[in-house]
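Residue-level listing of the chains:
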Amino acid sequence: MSQRILASVLRARPTTVLTRAAPRAPVVSGLRWSSEAHGQESFESFSERYIAFFQGAQDLFEVQRGLNNCFAHDLVPSPGVIEAALHAARRVNDYATAVRVLEGVREKVENKQQYDAYLEELKSVREELGIQTKEELYTS
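In what follows, the accompanying structure is described.

Conventions used here
Residues numbered from 1 in each chain as written. Predicted model: local features only at pLDDT ≥ 70, side-chain atom pairs only at ≥ 80, totals over all residues. Heavy atoms only, no water. Axes fitted to C-alpha atoms, helices over the stretch in contact; angles between N-to-C directions. Helix = DSSP H or I, 4+ residues; strand = E, 2+ residues; numbered from the N terminus. Parallel < 35°, antiparallel > 145°, perpendicular 65-115°, else oblique. Left-handed = near helix turned anticlockwise from the far one by under 90°. Contact = heavy atoms within 4.5 Å. Nonpolar A, V, L, I, M, F, W, Y, C, P; charged D, E, K, R; others polar. 1 Å grid on protein atoms, 1.4 Å probe; cavity = no way out; pocket = protein on both sides within 12 Å on 5 of 7 lines; lining within 4 Å. Points joined across faces, edges and corners; volume = space filled by probe spheres on them. Buried < 20%, exposed > 50% of the residue type's maximum accessible area, 1.4 Å probe, protein only. Lys, Arg positive; Asp, Glu negative; His and termini not counted. Salt bridge = Lys/Arg side-chain N within 4 Å of Asp/Glu carboxyl O.

### Some remarks on the packing of helix 4 (residues 60-72) against helix 5 (residues 79-91)
Item 1. Contact geometry for helix 4 and helix 5: axes closest at 10 Å, N-to-C directions at 160 degrees. The orientation of helix 4 relative to helix 5 falls into the category roughly antiparallel. As helix 4 packs across helix 5, the resulting crossing turns out to be left-handed. For the pair formed by helix 4 and helix 5, the contact residues are Val63, Leu67, Cys70 and Phe71 on the first element and Val81, Ile82, Ala85, Ala88 and Ala89 on the second.
Item 2. Classifying every residue of the contact of helix 4 with helix 5 by side-chain character gives nine nonpolar, no polar and no charged.

Quick look at the structure:
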């Protein structure tokens, strides 16, 4: 039985020989790769771009994708970006993501004083949306 299967598989293989296509020369255009384009982006345009992104995010996947991209850069997002992200997380009704936004800020800043300054600046937004930090949630 196994000899018949092997014979049928060998007969079924294609008889054409595939050749490797010659490599094409890269196309040069006026467009830059996205990673290069954001390498030269100013902090203000970065902030404006992510504020607009979070204001337009309609579902949890978009919000989380935006957060991953935003926090992947080698900078701490501005309080305006964090505020827009908190509003987006609450708009899609995901409290856990809102808390994780604040955890992301805690990890990105250099010291506790910077984190406290972010929390102080975002205090009214946090109260409005009912968002507590992880530390506040687990103190009781």
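Next, the rest of the story.
### Quick look at the layout of surface pockets
Empty space among the atoms becomes apparent when a probe as large as a water molecule is rolled across them.
Item 1. The volume enclosed by the largest pocket comes to roughly 210 Å³.
Item 2. Every residue lining the largest pocket is listed: Gln64, Leu67, Asn68, Phe71, Ala96, Thr97, Arg100, Val101, Glu103, Gly104 and Glu107.
Item 3. Of the residues forming the lining of the largest pocket, the biggest block, seven residues, is contributed by helix 6 (residues 95-108).
Item 4. Of the residues that constitute the lining of the largest pocket, the class distribution is four nonpolar, four polar and three charged.

### Topic: the side chain of Asp94
Item 1. Examined against the element boundaries, Asp94 turns out to sit in the loop between helix 5 and helix 6.
Item 2. Of the side chains bearing the opposite charge, Arg90 lies closest to the buried Asp94, which forms no salt bridge; the N-O distance is 7.8 Å.
Item 3. The residues touching Asp94, leaving out its near neighbours within four places in the chain, are Leu60, Gln64 and Ala89.

Nothing here speaks to function; it is geometry throughout.
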